[in-house]
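The residues making up each chain are set out below.
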Number of protein chains: 2
Amino acid sequence: MEFEYYNPTRLIFAAGALARLGEVASQHGKRALLVTGGGSVKRSGVYDRAVASLKLAGVSTVECSGVEPNPRITTVRRGAKIARNEGCDVIIALGGGSAMDAAKVMAAAFYYDGDPWDMIFHGQTVPYVPTRALPIITVPTLAATGSEMNMGAVISNEETKEKSFVQAQCLYPVVALVDPELTMSVPQDQTAYGICDIITHVTEGYFNGVAGTPIQDRFAEGVIITAMEYGLKALEDGNNLEARAQVQWASIVALNGWVNAGTNGGFPVHMIEHTLSAYHDITHGAGLAVVNPAWMRFAARHRPEKFVQFAERIFGLDAKNSIDLDCALEGIDRFEAFLKSIGCPTRLSELGIGDALLTEYAKETVRIIHDDKGLLPGQPPMSEADIVAVLRSAL
Amino acid sequence: MEFEYYNPTRLIFAAGALARLGEVASQHGKRALLVTGGGSVKRSGVYDRAVASLKLAGVSTVECSGVEPNPRITTVRRGAKIARNEGCDVIIALGGGSAMDAAKVMAAAFYYDGDPWDMIFHGQTVPYVPTRALPIITVPTLAATGSEMNMGAVISNEETKEKSFVQAQCLYPVVALVDPELTMSVPQDQTAYGICDIITHVTEGYFNGVAGTPIQDRFAEGVIITAMEYGLKALEDGNNLEARAQVQWASIVALNGWVNAGTNGGFPVHMIEHTLSAYHDITHGAGLAVVNPAWMRFAARHRPEKFVQFAERIFGLDAKNSIDLDCALEGIDRFEAFLKSIGCPTRLSELGIGDALLTEYAKETVRIIHDDKGLLPGQPPMSEADIVAVLRSAL
């Protein structure tokens, strides 16, 4: 276990915290670019409350709205331009993962004269790693991506049909202002996809990480169990603030480094799903619900012991021994059944995806990131044929 | 659950990381005050390796050695004076919790013209909260206090027989350089006390925190289970690097905020133990081993459900119901038996402490910190009589 960990984001977590946005933002700037998604923050009144709080604290605002569910590089370019033209000195994301991710890259693009797509890792390379960004404040309205407290962002290029990521220290938000009340209006389907996203962030490190990480394993299991338990409660009653808060907290710790530190694993399920949503513009969490169980069944044969541990600790199953594949597969079945029970798709057909392009998805996924043998990093590393087989098993 | 979390310390965790000290320190200064405890870092050769690495990177050093196991304010004054006289621009702690805590307060005292004791919370007040400190680098040689990655320090005043704490953002180390190889030479008794310290950091938040923290609970349980499992392995074979690394990692996450974030609890066991070690100069972890089980038996009657959860999840016991006090007490017995089995004292008499001053310890503990009703914060808040009763039960 060898690693570095660094995360300087200040987290403010409280129901009602939105009212503090102005006070918090005024410590970092005087003119804010407010980055939002569709109209939901407008309809819910959250947008107006945010602007009012900012105004009260002397922070003026200019908006960049309409960030897509899979945020596009064209939108990043547009936002960065607004921020420059309007002399913004702080960027506030008010929305889900897409608004947060777009805002992060806009914040770095503000200082970069080239094309912001240069910052996105694609085709095994990245022309420019950003080193400077406007201060970023995240105000998540959805519990899912964990983008509120990490240095990552995922951006799509609709022209080249690429969807990939950037990670850079300057992209850590200065503040994550997390108000679980804001998630109470999230509809059932998006709530369920968020729960799947949270759990998948954790399973990636859990199943793909190095051996010998007992604390990280326990942390991961704690997040999964809590996301399932309180996720069900949040789905039963969307106004259950306690449940919403626990799911929100799970989403933060799932991807702020606390669970994954030292696991040093690949994210093969995410990488495959990114390709699918680059081609089909599906919701990320829904795509993960299809890919993850299928990938697990493939990976369990290579590393049964970790899947046996998952089956035992998450679902209370009793394994015959530490490499009991039947038990491992039963755990995966239970996990898939959970996803189905909360309304997630578990087959590609439910996403309207057929078998026509499986080879192309595989090729594209490996093109974006691969190890020195040309394989998609993970446990085990995957060939294009492996990816095709996994996707075919989920048709 | 309402809280703020912020921890900007960069963690570098790797066997052999000591060799990187020079490279890391040179990013923060050119002349380092090296703060060390007794002679163990000299005898083990760690001191020479640190100095060599620093020299190679162009960082000159001046030493402040002889920090006591319960670090004294006189030593802090001495160290700050050396740092000033020698023009140090970075402070490196090479040792256990005492070296790290002393180094932190020296770093703040460097910029403070008053007496550094002003910074220590005592008598319900603190004359000066530090806002500026030299950059601090921690290189722990013992897995115990978790001081390597937090903003706290505990300092004793031998004149006034006080032992208390300071917490300030400027005390976060810029880097925690953690090399688990350095802990392989720690003797059995100190290893055991360290394990007890780690577990007690976690039980404080677990048992004294607010209700409704399922993720923090799972994280805490993960740390406890891992510290026990790998602690035993480290005690069986001190050269088991894997075991040493897991215990070291447990010590970091036990008190860097990851487990306690949002629990917002008091630290009554620590506060009581601090009084004992202010009067008797005992090892902190050994004092905790005596106080914690005694406190648990007291607190279990007030909050049985949390102790039942502890008994079930840590020791696999089966409770009759969620407030089954017998099960709760059985869990505490098992915990105490574990501490005994690794060589920790579990009675005051083993520490050479009798019943002569119980009332004074209680009075002094409450004097240092109390709520607006004059009680020691915790679940439940404790009167002086409660503290006396707990200590009497551990005679």
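Owing to the predicted nature of the structure, the values given are computational and were not obtained by experimental measurement.

### Considering the overall build of chain A
Turning to step 1, where the next piece is worked out: Counting its regular elements, chain A contains 14 helices and nine strands.
Turning to step 2, where the next piece is worked out: Taken against the 2.2 N^0.38 rule, which gives 21 Å for 395 residues, the C-alpha radius of gyration of chain A at 20 Å falls within 12% of a compact globule.
Turning to step 3, where the next piece is worked out: A buried classification covers 58% of the 395 residues belonging to chain A.
Turning to step 4, where the next piece is worked out: Counting only contacts in chain A whose residues sit at least 6 apart along the sequence, the fraction spanning at least 24 positions is 78%.

### So, the domain arrangement of chain A
Size of an interface: often given as the accessible area lost when the parts come together.
Residues and elements named next belong to chain A.
Turning to step 1, where the next piece is worked out: The domains assigned to chain A are domain 1 (10–183) and domain 2 (188–392).
Turning to step 2, where the next piece is worked out: One C-alpha centre belongs to domain 1, the other to domain 2, and the line joining them spans 26 Å.
Turning to step 3, where the next piece is worked out: Elements supplying a minimum of two residues to the side of domain 1 that touches domain 2: β7 (152–157) and β8 (162–167).
Turning to step 4, where the next piece is worked out: Take the side of domain 1 that touches domain 2: its biggest share by element is three residues, from β8.
Turning to step 5, where the next piece is worked out: Classifying every residue of the side of domain 1 that touches domain 2 by side-chain character gives ten nonpolar, ten polar and five charged.

### Details of the sheet that holds strand β1 (residues 3–5) of chain B
Turning to step 1, where the next piece is worked out: With mixed pairing, the seven strands of this open sheet are ordered in space as β4(A)-β3(A)-β5(A)-β6(A)-β9(A)-β2(A)-β1(B). Bordering the open sheet on either side are β4 (60–64) of chain A together with β1 of chain B, each of which pairs with just one other strand. Here the average twist between neighbouring strands, direction ignored, is 20°.
Turning to step 2, where the next piece is worked out: In this structure, strand β3 (residues 31–36) of chain A lies alongside β4 of chain A, joined through five bridges in parallel fashion. Residue pairing in the sheet places Leu33 of chain A in a bridge with Val62 of chain A of β4 of chain A.

### A look at the interface of chain A and chain B
Turning to step 1, where the next piece is worked out: With 30 residues of chain A in contact, the opposing surface of chain B contributes 30 residues.
Turning to step 2, where the next piece is worked out: Going through the elements one at a time, β1 (3–5), β2 (10–13), α7 (214–236) and α8 (241–254) of chain A are the ones with two or more residues in the side of chain A that touches chain B.
Turning to step 3, where the next piece is worked out: A per-element tally of the side of chain A that touches chain B places α7 of chain A first, with nine residues.
Turning to step 4, where the next piece is worked out: Taken together, the residues of the side of chain A that touches chain B sort by class into 19 nonpolar, five polar and six charged.
Turning to step 5, where the next piece is worked out: Sheet analysis places β1 of chain A next to strand β2 (residues 10–13) of chain B, joined by three bridges and oriented antiparallel. Each bridged residue has a counterpart across the sheet, and for Phe3 of chain A the counterpart in β2 of chain B is Phe13 of chain B.

### Remarks on the pairing of strand β5 (residues 90–95) of chain B
Residue and element names in this part refer to chain B.
Turning to step 1, where the next piece is worked out: With six of six residues buried, β5 lies mostly within the body of the structure.
Turning to step 2, where the next piece is worked out: Here β5 shows a buried face lined by Val90, Ile92 and Leu94 and a second buried face lined by Ile91, Ala93 and Gly95.
Turning to step 3, where the next piece is worked out: Pairing of strand β3 (residues 31–36) with β5, which is carried by five bridges, proceeds in the parallel orientation. Bridging from a neighbouring strand, Ala32 pairs with Val90 of β5.
Turning to step 4, where the next piece is worked out: By the bridge criterion, five bridges tie β5 to strand β6 (residues 136–140) in an arrangement that is parallel. Residue pairing for β6: Gly95 is matched across the bridge by Pro140.

### Observations regarding the environment of Glu330 of chain B
Residues and elements named next belong to chain B.
Turning to step 1, where the next piece is worked out: For Glu330, the position within the fold is in helix α12 (residues 325–341).
Turning to step 2, where the next piece is worked out: Overall, Glu330 belongs to the partly exposed group, with 17 C-beta atoms counted inside 10 Å.
Turning to step 3, where the next piece is worked out: Once residues lying within four places of it in the same chain are set aside, the contact partners of Glu330 are Ala311 and Leu317.

### Observations concerning the relation of the copies chain A and chain B
Turning to step 1, where the next piece is worked out: For the pair chain A and chain B, the best superposition has an RMSD of 0.0 Å and corresponds to a rotation of 180° with a translation of 0.0 Å parallel to the axis. Both copies are brought into coincidence by an operation consistent with a two-fold rotation axis. Across chain A, the smallest distance between a C-alpha and the rotation axis is recorded for Pro8 of chain A, namely 2.1 Å.
Turning to step 2, where the next piece is worked out: In this assembly, 100% of the residues forming the interface of chain A have copies in chain B that are likewise at the interface, indicating an isologous arrangement.

### A word on the sheet that holds β2 of chain B
Turning to step 1, where the next piece is worked out: Taken in spatial order, the seven strands of this open sheet run β1(A)-β2(B)-β9(B)-β6(B)-β5(B)-β3(B)-β4(B), and their pairing is mixed. Each edge of the sheet is formed by a strand with only one pairing partner; in this case those strands are β1 of chain A together with β4 (60–64) of chain B. Neighbouring strand axes in the sheet, compared pairwise and without regard to direction, differ in orientation by 20° on average.

### Regarding the packing of helix α10 (residues 284–300) of chain A against helix α12 (residues 325–341) of chain A
Residues and elements named next belong to chain A.
Turning to step 1, where the next piece is worked out: Close contact between α10 and α12 brings their axes to 10 Å; oriented N to C, the two are set at 180°. With respect to their mutual orientation, α10 and α12 come out roughly antiparallel. Counting all contacts with α10, which are made through Ala289, Pro293, Met296, Arg297 and Ala300, the residues of α12 involved are Leu325, Ala328, Leu329, Ile332, Phe335, Glu336 and Leu339.
Turning to step 2, where the next piece is worked out: A breakdown of the residues in the contact of α10 with α12 according to their chemical character gives ten nonpolar, no polar and two charged.

### Structural notes on unusual backbone geometry
Turning to step 1, where the next piece is worked out: The residue after Gln379 of chain A, namely Pro380 of chain A, is reached through a cis peptide bond having omega -5°.
Turning to step 2, where the next piece is worked out: With respect to the helices and strands, Pro380 of chain A occurs in the loop between α13 (358–368) and α14 (384–392).
Turning to step 3, where the next piece is worked out: Non-glycine residue Asn264 of chain B carries a positive phi angle of around 50°.
Turning to step 4, where the next piece is worked out: Assignment of secondary structure puts Asn264 of chain B in the loop between α8 (241–254) and α9 (268–280).
Turning to step 5, where the next piece is worked out: In this structure Asn264 of chain B comes out as partly exposed when scored by C-beta crowding, with 14 C-beta atoms within 10 Å.

### Examining the environment of Leu375 of chain B
All names here are of chain B.
Turning to step 1, where the next piece is worked out: Tracing the sequence through the fold places Leu375 in the loop between α13 (358–368) and α14 (384–393).
Turning to step 2, where the next piece is worked out: Each C-alpha atom, one on Leu375 and one on Thr365, is 9.8 Å from the other, the two residues being ten residues apart in sequence.
Turning to step 3, where the next piece is worked out: The contacts of Leu375, once residues within four sequence positions are left out, are His370, Pro381, Met382 and Ser383.

### A closer look at the pairing of β6 of chain B
Residues and elements named next belong to chain B.
Turning to step 1, where the next piece is worked out: Burial analysis of β6 places five of its five residues in the buried class, which makes it a mostly covered element.
Turning to step 2, where the next piece is worked out: Residues of β6 alternate between two faces, with Ile136, Thr138 and Pro140 on one and Ile137 and Val139 on the opposite face, all of them buried.
Turning to step 3, where the next piece is worked out: The β-α-β motif built from β5, the intervening helix α5 (residues 97–109) and the parallel element β6 has right-handed crossover chirality.
Turning to step 4, where the next piece is worked out: With two bridges connecting them, β6 and strand β9 (residues 175–178) associate as parallel partners. Directly across from Ile137, in β9, lies its bridge partner Val175.

### A look at the confidence of the model for chain A
Turning to step 1, where the next piece is worked out: Taken over all residues, the pLDDT of chain A has a mean of 96, while the share at 70 or more is 100%.
Turning to step 2, where the next piece is worked out: Complex prediction metrics read pTM 0.96 and ipTM 0.96.

### Description of helix α10 (residues 284–300) of chain B
Residues and elements named next belong to chain B.
Turning to step 1, where the next piece is worked out: The end-to-end C-alpha distance of α10, which contains 17 residues, comes to 23 Å, matching closely the 24 Å that a straight helix rising 1.5 Å per residue would cover.
Turning to step 2, where the next piece is worked out: At Val291, α10 shows its maximal kink, close to 25°; a proline, Pro293, follows between one and four residues later.
Turning to step 3, where the next piece is worked out: The element α10 is largely enclosed, with a buried count of 15 among its 17 residues.

### Observations regarding the environment of Asn157 of chain B
Residue and element names in this part refer to chain B.
Turning to step 1, where the next piece is worked out: Mapped onto the fold, Asn157 is located in strand β7 (residues 152–157).
Turning to step 2, where the next piece is worked out: When the C-alpha positions of Asn157 and Phe315 are compared, they lie 39 Å apart, and in sequence the two are 158 residues distant.
Turning to step 3, where the next piece is worked out: If we ignore the near neighbours within four places in the chain, the residues touching Asn157 are Ile73, Trp117 and Glu162.

About the thresholds
Residues numbered from 1 in each chain as written. Chains lettered and ligands numbered in written order. Predicted model: local features only at pLDDT ≥ 70, side-chain atom pairs only at ≥ 80, totals over all residues. Helix = DSSP H or I, 4+ residues; strand = E, 2+ residues; numbered from the N terminus. Rg over C-alpha atoms; globule rule 2.2 N^0.38 Å. Buried ≥ 20, exposed ≤ 12 C-beta atoms within 10 Å, placed from the backbone. Contact = placed C-beta atoms within 7 Å. Domains from an automatic or database assignment. Nonpolar A, V, L, I, M, F, W, Y, C, P; charged D, E, K, R; others polar. Pairing = 2+ DSSP bridges. Axes fitted to C-alpha atoms, helices over the stretch in contact; angles between N-to-C directions. Least-squares fit on C-alpha atoms with pLDDT ≥ 70 in both. Parallel < 35°, antiparallel > 145°, perpendicular 65-115°, else oblique. Right-handed = clockwise from strand over helix to strand, strands pointing away. pLDDT = per-residue confidence, 0-100. Expected span 1.5 Å × (residues − 1). Bend = angle between axes of the 7 residues up to and from the residue.

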